[in-house]
Amino acid sequence: MAIEHDYFGLLSSGPDGSIFWSETVELGDQSVTVDLTAPDQDDVSADALDIAAGLIAGLENVDGTARRGMLSEVDDRTSEVTEYILQQQEAYGDDLPEVLVDVSGDAAVDIIRSLRLMSMTILADEHGGSEPFAVLEYALDDSSSDDVLLVNLGSDGTVQSVMSAD
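In this text the structure is predicted, and so the values were computed from the model without any measurement.

Each value, and the rule that gives it
- Residues numbered from 1 in each chain as written.
- Predicted model: local features only at pLDDT ≥ 70, side-chain atom pairs only at ≥ 80, totals over all residues.
- Heavy atoms only, no water.
- Salt bridge = Lys/Arg side-chain N within 4 Å of Asp/Glu carboxyl O.
- Helix = DSSP H or I, 4+ residues; strand = E, 2+ residues; numbered from the N terminus.
- Buried < 20%, exposed > 50% of the residue type's maximum accessible area, 1.4 Å probe, protein only.
- Pairing = 2+ DSSP bridges.
- Polar contact = N/O pair within 3.5 Å; in protein donor to acceptor, adjacent residues only side chain to side chain.
- Contact = heavy atoms within 4.5 Å.

K.L.:
Which residues make up the pattern of salt bridges, and what values do they have?
P.N.:
Under the defined criterion, the tally for this structure stands at three salt bridges. Of the charged contacts in the structure, one is a salt bridge between R67 and D63, with a shortest N-O distance of 3.0 Å. With a gap of four residues between them, R67 and D63 both fall in helix α2 (residues 59-71), about one helical turn apart. Per residue, the accessibility class of R67 equals that of D63, and both read buried. Ionic pairing is found between R113 and D102, a salt bridge with its closest N-O pair at 2.6 Å. Of this pair, R113 sits in helix α5 (residues 107-114) while D102 sits in the loop between α4 (96-99) and α5, and the two are eleven residues apart along the sequence. Overall, D102 belongs to the partly exposed group, its relative accessible area being 35%. It is possible to trace a salt-bridge network through shared partners that takes in D102, D110 and R113.

K.L.:
How would you sum up the pairing of strand β5 (residues 116-123)? Please name residues and give values.
P.N.:
Where strand β4 (residues 30-38) and β5 come together, five bridges link them in parallel fashion. Across the sheet, the residue bridging to T33 is S119, located in β5. With six bridges joining them, β5 and strand β6 (residues 134-139) adopt antiparallel strand pairing. What sits directly across from M120, in β6, is L136.

K.L.:
Describe the side chain of H5, listing the residues and the values that go with them.
P.N.:
Looking at the secondary structure, you find H5 in strand β1 (residues 2-5). A polar contact of 3.0 Å, which involves the side chain of H5, links it to the backbone nitrogen of Y7. Only 2.7 Å separates the side chain of H5 from the side chain of D50, close enough to count as a polar contact. Beyond its immediate sequence surroundings of up to four residues, H5 is in contact with A46, L49, D50 and A53.

None of this, on its own, says anything about what the molecule does.
Put into structure tokens, the structure is as follows:
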């Protein structure tokens, strides 16, 4: 069985009924891997696919929303964003300015600005639910798969949470 959509084309399901779609999308000077997945194609609505297509087409705006969500947690000393920033400052030490895109003097803002959007995973079966609909993965160094921040978005495009991957 398969689902057809204007943006995604023909989404064929595997023998277990799951669907998976993957593409590399350009965002500025970086390539972002975008995956759409669902364990059961029967749980994927046309609305969910339309919203997913909108997130991909508006990736620049989605990225901005995610970064604002990270910035909003900087003042909370117990947030995972603050912990991530402190870890990066410790790991890079005096070499931190060399990996930053912009050095304004506010390390938290500079690190968040310098994060690379590595991937976006869309969980198409979570449309309208309380679980994340999309998960964006950010890293300061694209060769590091351990030191990442994950931004969870609802199907309405709002930030639900930001957490570290470890």
